[in-house]
Structures are given as structure tokens and as C-alpha cells.
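For reference, the chains in residue letters:
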Amino acid sequence: MRTTSDSDAVRLYHLDDEGGVATTLMYGPLAEALAFAAAQPEEVQAGLFLQTRDDVVSYGDLVEG
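Just so it is clear, the model here is predicted, and its values are computed rather than measured.

Help me understand the packing of aromatic side chains in this model?
The description of an aromatic ring pair uses the distance of the two centres, along with the angle that the planes make with each other. Per the stated rule, a full pass over the model turns up one aromatic pair. With a centroid separation of 5.6 Å and 20 degrees between ring planes, the pair formed by Tyr13 and Phe49 is classed as stacked. Of this pair, Tyr13 sits in strand β1 (residues 9-15) while Phe49 sits in strand β3 (residues 48-51); the two residues are 36 residues apart in sequence, bridging distant segments of the chain. In this arrangement the basic side chain of Arg11 is found over the ring face of Tyr13, its NZ or CZ atom lying 4.3 Å from the centre.

What is the right way to read the pairing of β3 from this model?
If a strand is regular, its side chains alternate between the two faces of the sheet. Of the two faces of β3, the one holding Leu48 and Leu50 is buried and the one holding Phe49 and Gln51 is not buried anywhere. Two elements, β1 and β3, share four bridges in a ladder whose sense is antiparallel. In the sheet register, Arg11 faces β3, and the bridge partner there is Gln51. Where β3 and strand β4 (residues 56-58) come together, three bridges link them in antiparallel fashion. Bridging across to β4, Leu50 finds its partner in Val57. Here β3 hands over to β4 after four residues, the two strands then running antiparallel side by side.

Rules used in this analysis
- Residues numbered from 1 in each chain as written.
- Predicted model: local features only at pLDDT ≥ 70, side-chain atom pairs only at ≥ 80, totals over all residues.
- Heavy atoms only, no water.
- Phe/Tyr/Trp six-rings, centres within 6.5 Å; stacked < 30°, edge-to-face > 60°.
- Helix = DSSP H or I, 4+ residues; strand = E, 2+ residues; numbered from the N terminus.
- Lys NZ or Arg CZ within 6 Å of the ring centre and 35° of its normal.
- Buried < 20%, exposed > 50% of the residue type's maximum accessible area, 1.4 Å probe, protein only.
- Pairing = 2+ DSSP bridges.

The following block contains the structure:
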């Protein structure tokens, strides 16, 4: 993911394993989206993605570094 600020707007969504359905969980600043994602159960975190204006990255890849 390209360098972003904690205040940059992102879309946090969950991609369902079974049907491939993307469900938007929130739009907001990156810092809030990361806090929201961290509060989710591990099973949900596995399917979370963050979308910026330029990129999409899985939550797991982002926090694992």
C-alpha cells in the first residue's frame, strides 16, 4: 500500500469466502478503520480489506507488515 496518512479516507470491507460478496463495513479515516478492524474477531479479520484512492490491501497483510 502506498504511504498514507492516518486521516486519509478509506473503505473497509469484508470479502465473503463463500460467495465472494464484498460488504462495506465503514468509510472513514484510516486510523478509525484500523481500530474498527482490530476489534473484529479473527475469523472476520481474515476477510477484511482496506481500499484507498489508489490501492487495495488486505488487513492481514497490512498489520503483519
